[in-house]
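What the coordinates show
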Amino acid sequence: MSKTFEMLRPYLDKSMALQTARSLFEWDDQTTAPFEAAKYTSRVVGILSDEYMKSLINDDVRQIMNKLMEDKEQAELTDTEKAIIKELNKTFEQLESIPPEEYRAFNELAPVANRVWTKAKKDNKYEDFAPYLKEILEYKKKFAGYRVKDNKDPYEILLADYEECFGIKELDIFFEKIKKEIIPLLAKVSAKADAVDKSYNSLKYDIDKQREFCKFLCGYVGFDFNRGVIAESAHPFTMQLHNHDVRITDRYIEDNLESAMFSIIHETGHALYEMNIEDSLTQTPVGGGTSMGMHEAQSRFFENIIGRSKAFWEPIYDKLVGAYPDNLTNITLDHFIKGINKPASSLIRTEADELSYPLHIIIRYETEKMMFMEDADIEKLPEVWNQKYKDYMGISPKDDASGILQDTHWSWGEFGYFPSYAIGSAIASQLYYKMLEVMPLEQYLQEGNLTPIREFLRDSIHKYGATKNTNQLLMEVTGEEFNADYYIKYLKEKYEKLYDIV
Ligand code: ZN
């Protein structure tokens, strides 16, 4: 163990403690804190955030880091220590490259832009948000510009913040493949799926019973209630304090059976990742999932590939029917499976089905590229957006609220974030085909035995935390780097079989 690295520990521990406290306030704010608390509690969070920054970005830490960069020191570091230093360097680079007054100005602007966006969406007035979007975009271009190397585009830098293994070139290839294969498939499937009657899904489903069944599902998939809790919030999410305290939320809607069920399976996928990270890594800078894309791969694997399969429901469908006999007695398992996999070209990304989902992401990615690389006219973005929905999905938003204003990300300056959702689905498919090679996956699901599936993910992905990146992990477990072909193969095989398409 490196002596110099040991000098870092107290700083790492302090920043971890401050970060944990901040997370706990964020959790509280979104689950149980009273409505009036936010304004006053935000002062506490502001002070904690400042202290967190100071605990890492200071001369003492910088000196230790510089020393650790020397060859002699590098030779003494363990792989985990090297990974921690790499993470720290990333944080340093992000925070130190921006002049403090610009950083502060941006942080003051973002919450205002978000409030303006919320109101503009409600009033359906894109023109109110456009000037703020322009300003936020200019800041992000400038900030990313400070870190640009080798003539890359600033957008490339932002993409790498969420998933370091994918740049514009890789994403262009990935998304072109999807467009070519999925747009025609979606049209064929939609024509057949129209006949599936899904009215059962919007009958009344008692909220208490939903809570109870979702808790069952969560445990069935593998959530450890000794190391995690479920609460309720406006939008489901996962938050980990460390690997022994992983919290998830759900939202229950009386006239929507599927919403809470698939949300809880999704969040359980995120939670399993965090719970399975090794004890030696948790509470360090590499003690979380390795990237947004890999995290979404875990949640989408359980939600879609496992959770929407017939084999998964075979052992437990009777239990679901038993919870709501009046609504479901006449719905056969086959009918239910077609129902939960019915594509419905929706204008709203968060309500999209598995098949049309990547098209929503492509539209956002292409629009962001135009904003960064082609200086697109921000006032005219709704036209660009609507045209793309028409071209790719055959539908046009009736207004900006259900069009360009639907997502919160841009108001916070989160450009480059969207692609990781689609990357996640594609990674999940690549892992799925590997599992098919090494285990009788379908049989395990039919037996209600998810343990080997969880163990496979734990041993090949989860336990490493952020010590290896996405492509390293994929290479080790599947023998190749990211390959989008598996995603297309998965969607084609699944939907062609389900809807008898030849
Ligand atoms: Zn997620």
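Residues numbered from 1 in each chain as written. Predicted model: local features only at pLDDT ≥ 70, side-chain atom pairs only at ≥ 80, totals over all residues. Heavy atoms only, no water.

Here's the deal with the layout of surface pockets
The calculated volume of the second largest pocket comes to roughly 670 Å³. Considering the residues around the second largest pocket, the lining is formed by 24 residues, among which S309, K310, E442, K494 and K497 are closest to the centre. Mapped onto the lining of the second largest pocket, the elements with two or more residues apiece are α12 (292-306), α13 (310-313), α16 (333-340), α19 (419-438), α20 (441-446) and α23 (485-498). Ranked by residue count, the leading element in the lining of the second largest pocket is α23, at 5 residues. (1 Å grid on protein atoms, 1.4 Å probe; cavity = no way out; pocket = protein on both sides within 12 Å on 5 of 7 lines; lining within 4 Å. Points joined across faces, edges and corners; volume = space filled by probe spheres on them. Helix = DSSP H or I, 4+ residues; strand = E, 2+ residues; numbered from the N terminus.)

Here we look at the pairing of strand β3 (residues 245-250)
Note on strand geometry: in a regular strand, side chains alternate between the two faces of the sheet. Counted residue by residue, β3 has 6 buried out of 6 residues, so it is predominantly covered. Pairing geometry for strand β2 (residues 238-242) and β3, over 4 bridges, is antiparallel. Directly across from T238, in β3, lies its bridge partner I248. (Buried < 20%, exposed > 50% of the residue type's maximum accessible area, 1.4 Å probe, protein only. Pairing = 2+ DSSP bridges.)

Quick word on the environment of T451
The topology assignment puts T451 in helix α21 (residues 451-460). Here T451 falls in the partly exposed class, since its relative accessible area comes to 32%. Sequence separation of T451 and V221 is 230 residues, and the distance between their C-alpha atoms is 8.7 Å.

Quick word on the domain arrangement of the protein chain
How big an interface is tends to be stated in terms of the accessible area lost upon association of its parts. Partitioning the protein chain into structural domains gives domain 1 (3-122) and domain 2 (168-498). Each of domain 1 and domain 2 has a C-alpha centre, and these two points are 28 Å apart. On the domain 2 side, the residues contacting the 21 residues of domain 1 number 24 residues. Each partner contributes to the roughly 2,100 Å² buried at the junction of domain 1 and domain 2, and carbon and sulfur atoms together form 72% of this total. When the buried area of domain 1 at its contact with domain 2 is split by residue, W27, W117 and K121 rank highest and sum to 31% of it. (Domains from an automatic or database assignment. Contact = heavy atoms within 4.5 Å. Buried area = accessible area lost by both parts, 1.4 Å probe.)

Notes on the packing of aromatic side chains
The final tally for this structure, using the stated rule, is 32 aromatic pairs. Their ring planes at 75 degrees and their centres at 5.4 Å tell us that F372 and F415 sit as a pair that is edge-to-face. With a gap of 43 residues between them, F372 in helix α17 (residues 357-373) and F415 in the loop between α18 (381-393) and α19 connect regions that are remote in the sequence. By relative accessible area, which is 1% here, F415 ends up buried. Seen from their ring centres, Y432 and Y433 are 5.2 Å apart, and the 65 degrees between their planes marks the pair as edge-to-face. By relative accessible area, which is 10% here, Y433 ends up buried. Taken together through their ring pairs, the aromatic side chains of Y155, F166, F174, F175, Y365, F372, W385, Y389, W410, F415, F482 and Y487 make up a single cluster. In this structure, R308 is placed above the aromatic ring of F262, and the distance from its NZ or CZ to the ring centre is 4.0 Å. (Phe/Tyr/Trp six-rings, centres within 6.5 Å; stacked < 30°, edge-to-face > 60°. Lys NZ or Arg CZ within 6 Å of the ring centre and 35° of its normal.)

Topic: the pattern of salt bridges
Under the counting rule described, the total for this entry stands at 37 salt bridges. Between E96 and R62 there is a salt bridge whose closest N-O contact spans 2.2 Å. Taken together, the residues span a long stretch of sequence, with E96 in helix α5 (residues 79-96) and R62 in helix α3 (residues 59-68) at a distance of 34 residues. Using a relative accessible area of 26% as the deciding quantity, one classes R62 as partly exposed. Here D208 and R211 are joined by a salt bridge, their closest N and O atoms 2.6 Å apart. Here the residue D208 and the residue R211 both occupy positions in helix α10 (residues 207-221), the gap between them amounting to 3 residues, near one helical turn. Within the structure, one salt-bridge network assembled from shared partners comprises K86, E87, K90 and E164. (Salt bridge = Lys/Arg side-chain N within 4 Å of Asp/Glu carboxyl O.)

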